[in-house]
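For reference, the chains in residue letters:
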There are 2 protein chains.
Amino acid sequence: MADTFRIAVLASGAGTNLQAILDQVHGKDGIEVVGVASEKPEAQALERARAAGIDWAVFPAEEHGGRADRDLAIADWLTERGVELVVLAGYMQLLEPEFLLRFQDRVVNVHPALLPAFPGLDAVGQALQYGVKITGVTVHFVDQGVDSGPVIMQRPVPVPPGRDRGALEGAIHATEHALLPEVIRMIAAGRVSIDPERPRVVIIDRPPRTA
Amino acid sequence: MADTFRIAVLASGAGTNLQAILDQVHGKDGIEVVGVASEKPEAQALERARAAGIDWAVFPAEEHGGRADRDLAIADWLTERGVELVVLAGYMQLLEPEFLLRFQDRVVNVHPALLPAFPGLDAVGQALQYGVKITGVTVHFVDQGVDSGPVIMQRPVPVPPGRDRGALEGAIHATEHALLPEVIRMIAAGRVSIDPERPRVVIIDRPPRTA
């Protein structure tokens with residue numbers, strides 16, 4: 001167990017990013033997904049956790065006296081499982097400051113745009129509306145703002161000439177499914193840190209040389 | 001003359017984008033740079049125009065009773081030369097609405113970021129400050145806002161791991177020097193239009209097949 005890097009995934013929806021994590025990083029290189037949580041009982045992500053034999057739980061705000069209590073319950077559940085990294089994968093809720101304090105610099109999110117462009121909801125729709133030719137994917141540490149935390153990695157995605165929303169979403173999702181596992185592997189390998197002198201700047205160390 | 005596509009360049013500074021235009025598009029494919037103007041007598045861009053034997057002029061605001069009159073004088077000077085496209089290449093002044101009306105959808109600007117991220121001054125510094133991993137270059141039509149017009153083309157540029165400002169500026173300038181001439185060639189070839197139904201959207205037609 002000492003060598004295991006324990007992660008949890010919070011998801012609200014279909015859970016395709018969770019599936020990418022399960023397929024690409026779970027059980028490899030000492031990384032284990034030890035819990036999946038959602039605020040929505042119907043989230044398909046929970047099915048995926050069940051199918052993979054991973055602990056899961058639902059935390060609806062209404063059963064916890066509101067969001068603050070709900071987030072504390074989630075934090076306790078994660079702490080019980082020894083979670084070192086919390087991955088938001090299509091989790092549609094803001095997290096309370098108390099939650100973020102307990103997992104300081106250990107919560108990451110994937111966002112379907114090149115932040116700071118198009119934060120918040122429907123980033124793909126916002127990008128099409130603006131008329132950009134390049135959008136992309138950002139994985140960032142979560143702070144108390146909306147998609148405003150320090151950027152870990154980004155990858156550009158061109159808007160297809162026909163501007164077909166489905167095609168663009170498909171390309172962005174495929175990019176998310178590659179980038180998020182890559183970032184998780186780098187964090188688990190201890191290669192990702194926030195520059196203590198410039199807290200907006202995320203430093204990625206080179207991989208160690210293999211013999 | 002009938003087949004010539006006449007462009008003018010406005011520049012405030014070193015004029016390296018002007019030089020890229022002179023080197024890559026001037027005198028080729030029927031495109032002629034017929035004028036270079038600046039608001040600054042000391043702009044190195046004017047030297048480059050002189051060296052290339054191109055008409056040039058200086059329009060300091062103080063000699064024209066203010067910016068509105070200056071912009072009208074520039075517009076007249078451009079109209080006399082039959083200019084079909086005005087290229088802002090490091091031009092550090094906003095253009096008056098009257099100017100833009102006279103050259104409706106015929107003024108383009110190059111900006112050193114992936115708009116709408118980092119509009120305005122020192123886009124490279126803004127990007128480093130934010131801590132993005134990907135920035136880039138945008139060529140867009142100019143409207144009355146600050147770097148807010150419809151996007152024609154964009155190209156991503158990764159922030160180098162060491163975050164060296166000089167290295168990033170060099171990469172962005174090299175990208176500008178490729179992208180801006182490419183856009184000018186496409187506009188001259190009649191391949192660029194604003195979607196009449198969605199005025200934020202710039203349509204790029206495919207190049208015609210060559211036999």
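What you see is a predicted model; the values in this text were computed from it and never measured.

Student: Would you explain the relation of the copies chain A and chain B in this entry?
Tutor: Note that the two copies of the chain are related through a rotation about an axis and a translation along the same axis. Note on the copies: chain A fits chain B at an RMSD of 0.0 Å, the axial shift is 0.0 Å, and the rotation between them is 180°. Taken together, the turn and the small shift mark the pair as related by a two-fold rotation axis. When C-alpha distances to the rotation axis are compared across chain A, the minimum falls at A:Ala117, with a value of 2.6 Å. Mapped onto chain B, 100% of the interface residues of chain A again fall at the interface, so both copies present the same surface.

Student: Is there a simple way to explain the nonpolar core in this structure?
Tutor: Note that soluble globular proteins tend to have their nonpolar side chains buried in a common cluster. One finds A:Ile21, A:Ile152, A:Ile184, B:Ile21, B:Ile152 and B:Ile184 to be the most contacted residues of the largest nonpolar core, which totals 98 residues. Beyond its immediate stretch of four places on either side in the chain, B:Ile21 contacts B:Ile7, B:Val9, B:His26, B:Val33, B:Val87, B:Leu180 and B:Ile184.

Student: Which parts of the structure should I look at to understand the interface of chain A and chain B?
Tutor: By a widespread convention, an interface's size corresponds to the accessible area lost as its parts come together. Contact with chain A, which involves 25 residues of that partner, is made by 26 residues of chain B. Counting the surface lost from both chain A and chain B, the interface buries some 2,000 Å², and carbon and sulfur atoms represent 59% of this. One can count zero salt bridges joining chain A with chain B. There are eight residue pairs in polar contact (both at pLDDT 80 or more) connecting chain A and chain B. When residues in the side of chain A that touches chain B are grouped by element, the largest group, six residues, is from strand β7 (residues 151-158) of chain A. In terms of residue class, the side of chain A that touches chain B is made up of 14 nonpolar, five polar and six charged.

Student: Just checking my understanding: could you explain the pairing of strand β5 (residues 107-111) of chain B for this structure?
Tutor: It is a general feature of regular strands that their side chains alternate between the two faces of the sheet. Residue and element names in this part refer to chain B. Extensive coverage of β5 is indicated by the burial of five of its five residues. A two-sided burial pattern is seen for β5, the buried positions comprising Val-107, Asn-109 and His-111 on one face and Val-108 and Val-110 on the other. In this sheet, β5 lies alongside strand β4 (residues 85-88) in parallel orientation, the contact comprising three bridges. Bridge assignment links Val-87 to a residue of β5, and that residue is Val-108. Handedness of the crossover joining β4 and β5 through helix α4 (residues 97-102): right-handed.

Student: Is there a simple way to explain the packing of helix α5 (residues 123-130) of chain B against helix α6 (residues 165-188) of chain B in this structure?
Tutor: All names here are of chain B. Running from N to C, α5 and α6 cross one another at 125°; their axes reach a closest spacing of 11 Å. By the criterion of interaxial angle, the relationship of α5 to α6 is oblique. The interaxial crossing formed by α5 with α6 has right-handed handedness. Counted together, Val-124, Gly-125 and Leu-128 of α5 and Arg-165, Leu-168, Glu-169 and Ile-172 of α6 form the full contact between these two elements. For the contact of α5 with α6, the class distribution of residues is four nonpolar, one polar and two charged.

Student: I would appreciate a short explanation of the packing of aromatic side chains in the present structure.
Tutor: Remark: the centre distance and the inter-plane angle together describe each pair of aromatic rings, the angle taken between the planes. All names here are of chain A. Inspection of every chain in the model, using the stated rule, returns six aromatic pairs over all chains. Between the aromatic rings of Phe-59 and Trp-77, the centroid separation amounts to 5.9 Å while the plane-to-plane angle is 70°, which identifies the pairing as edge-to-face. Within this pair, whereas Phe-59 is found in the loop between β3 (56-58) and α3 (67-80), its partner Trp-77 is found in helix α3, the two being separated by 18 residues in sequence. Each member of the pair Phe-59 and Trp-77 is classed as buried. Positioned above the aromatic ring of Trp-56, the side-chain terminus of Arg-50 is 4.5 Å from the ring centre.

Student: Where do I start with the packing of helix α1 (residues 16-24) of chain A against helix α2 (residues 44-51) of chain A in this structure?
Tutor: Between two packed helices, the angle of one axis relative to the other and the distance separating the axes together describe the packing. All names here are of chain A. One can describe the packing of α1 onto α2 by two numbers: an axis separation of 9 Å at closest approach and a directional angle of 20°. Overall, the two elements α1 and α2 adopt an arrangement that is roughly parallel. As α1 runs across α2, the sense of the crossing is right-handed. Along the contact surface, α1 presents Thr-16, Leu-18, Gln-19 and Leu-22, while α2 presents Ala-45, Arg-48 and Ala-49. Its residues placed into classes, the contact of α1 with α2 shows four nonpolar, two polar and one charged.

Student: So what exactly am I meant to see when it comes to the side chain of B:Thr175 here?
Tutor: Residues and elements named next belong to chain B. Looking at where Thr-175 falls in the secondary structure, it is placed in helix α6. By relative accessible area, which is 14% here, Thr-175 ends up buried. Residues in contact with Thr-175, not counting those within four places in the same chain, are Val-137, Arg-155 and Val-157.

Student: Whenever I open this one, the domain arrangement of chain A confuses me. Can you help?
Tutor: All names here are of chain A. What the domain assignment reports for chain A is domain 1 (1-104) and domain 2 (109-211). Here the C-alpha centre of domain 2 lies 20 Å away from the C-alpha centre of domain 1. Facing 18 residues of domain 1, the contacting portion of domain 2 comprises 16 residues. Three residues stand out in domain 1 for area buried against domain 2, namely Asn-17, Leu-88 and Leu-100, and they jointly supply 30% of the buried area on that side.

Student: Can you help me understand the pattern of salt bridges in this one?
Tutor: Close approach of charged atoms allows side chains with opposite charge to pair. All names here are of chain B. For the coordinates displayed, the defined rule picks out 20 salt bridges over all chains. We note a salt bridge from Arg-70 to Asp-71, for which the minimum N-O separation is 3.1 Å. Across the pair, Asp-71 and Arg-70 agree in class, each one buried. Here Arg-155 ties to Glu-182 by a salt bridge, and the two come within 3.0 Å at their closest N and O atoms. Taken together, the residues Arg-155 in strand β7 (residues 151-158) and Glu-182 in helix α6 connect sequence positions 27 residues apart. The partly exposed category is assigned to Arg-155, whose relative accessible area is 28%.

Student: Got a minute to help me understand the sheet that holds strand β3 (residues 56-58) of chain B in this structure?
Tutor: Two modes of strand pairing occur in sheets, parallel and antiparallel, and in both the strands are linked by backbone hydrogen bonds. Residue and element names in this part refer to chain B. Pairing is mixed across the open sheet formed by seven strands, whose spatial order is β3-β2-β1-β4-β5-β6-β7. The two strands at the open ends of the sheet, each matched to only one other strand, are β3 and β7. Averaged over all pairs of adjacent strands, the angle between strand axes in this sheet comes to 20°, irrespective of strand direction. One ladder, built from four bridges, connects β5 with strand β6 (residues 134-141); its direction is antiparallel. Pairing of His-111 across the sheet is with Thr-138, part of β6. Strands β1 (5-10), β2 (31-38), β4, β5, β6 and β7 of the sheet are contacted by α6, whose axis makes an angle of about 155° with β7.

Rules of the game
- Residues numbered from 1 in each chain as written.
- Chains lettered and ligands numbered in written order.
- Predicted model: local features only at pLDDT ≥ 70, side-chain atom pairs only at ≥ 80, totals over all residues.
- Heavy atoms only, no water.
- Least-squares fit on C-alpha atoms with pLDDT ≥ 70 in both.
- Contact = heavy atoms within 4.5 Å.
- Core = buried A, V, L, I, M, F, W, Y, C linked by side-chain atoms within 4.5 Å.
- Buried < 20%, exposed > 50% of the residue type's maximum accessible area, 1.4 Å probe, protein only.
- Buried area = accessible area lost by both parts, 1.4 Å probe.
- Salt bridge = Lys/Arg side-chain N within 4 Å of Asp/Glu carboxyl O.
- Polar contact = N/O pair within 3.5 Å; in protein donor to acceptor, adjacent residues only side chain to side chain.
- Helix = DSSP H or I, 4+ residues; strand = E, 2+ residues; numbered from the N terminus.
- Nonpolar A, V, L, I, M, F, W, Y, C, P; charged D, E, K, R; others polar.
- Pairing = 2+ DSSP bridges.
- Right-handed = clockwise from strand over helix to strand, strands pointing away.
- Axes fitted to C-alpha atoms, helices over the stretch in contact; angles between N-to-C directions.
- Parallel < 35°, antiparallel > 145°, perpendicular 65-115°, else oblique.
- Left-handed = near helix turned anticlockwise from the far one by under 90°.
- Phe/Tyr/Trp six-rings, centres within 6.5 Å; stacked < 30°, edge-to-face > 60°.
- Lys NZ or Arg CZ within 6 Å of the ring centre and 35° of its normal.
- Domains from an automatic or database assignment.

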